[in-house]
Amino acid sequence: MLNNLEPFSQPPTKQEFAATFRVVSRVSFWVQLALGSVSGLALLFAAFSRNITAQTNNPGIGFGIFLAIVGILLLCFRVYWAFRDRLLARRLQAPNPEIHPKKEDIIRVLRIGLIVSLVGLLIAFIGSEETVAVVLAKALAQPQGVAVYNPENVIRSLDIFVMLANINMIGAHFFGGVTSLGLIEWVEQ
């Protein structure tokens, strides 16, 4: 049984790592871009669904929107970083060994991507938790079967869009972090 695992315990060759790095960075780029686009669209819908004339006395959703915007900005950087990883993998596959990046440089780039993904994951998680708590508080404040007379207790589409944006960012940052961590572990063998 242990003999079957032996090929996985060997460090990858430069070409094996370069090929895997290029595929993983391409997939990571597109998944993060797709999830980030959904989050961005959800935030745009939230912004356009707000009734500007109606005053909302709920600072919780405002903080959730702020965290979602910070998470989107981090995700934009992470998508750029995944694209940069693709270029780095292409350099690693070049026939000229003089332009190959050093192993330490690749590890540093992957660690930066991992750190950004983890920070983005934390911010998106906090934003999601905060938004869900606000929506739950609004739902609990509404008496069942009775008309709502308090406009700040109405669950609006804005609340759901902010929640959707933060949850998609959790997925995007998680995916980016997992790909970076997996590549770091593999190259550091």
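Placed above this text is the structure.
Rules and cut-offs
Residues numbered from 1 in each chain as written. Predicted model: local features only at pLDDT ≥ 70, side-chain atom pairs only at ≥ 80, totals over all residues. Heavy atoms only, no water. 1 Å grid on protein atoms, 1.4 Å probe; cavity = no way out; pocket = protein on both sides within 12 Å on 5 of 7 lines; lining within 4 Å. Points joined across faces, edges and corners; volume = space filled by probe spheres on them. Helix = DSSP H or I, 4+ residues; strand = E, 2+ residues; numbered from the N terminus. Nonpolar A, V, L, I, M, F, W, Y, C, P; charged D, E, K, R; others polar. Core = buried A, V, L, I, M, F, W, Y, C linked by side-chain atoms within 4.5 Å. Buried < 20%, exposed > 50% of the residue type's maximum accessible area, 1.4 Å probe, protein only. Contact = heavy atoms within 4.5 Å.

## Overview of empty space enclosed by the protein
Working step 1: Taken as a whole, this structure holds one cavity of 30 Å³ or more when the rule is applied.
Working step 2: Computed from the structure, the largest cavity encloses a volume of approximately 40 Å³.
Working step 3: The wall of the largest cavity is formed by V24, S25, S28, R78, A82, D85, T179, S180 and L183.
Working step 4: Breaking the lining of the largest cavity down by element, the ones donating at least two residues are α2 (14-49), α3 (59-92) and α5 (157-187).
Working step 5: Among the residues forming the lining of the largest cavity, the class breakdown is three nonpolar, four polar and two charged.

## Quick look at the nonpolar core
Working step 1: In this structure, F17, F21, L88, L92, I106, L110 and L183 are the most contacted members of the largest nonpolar core, which totals 15 residues.
Working step 2: Top contributing element to this core by residue count: helix α4 (residues 103-141), with five residues.
Working step 3: Here L183 is in contact with F17, T20, F21, V24 and L110, once residues within four sequence places are set aside.
Working step 4: Formed by twelve residues, the second largest nonpolar core is a distinct cluster that contains F29, A42, A82 and A165.

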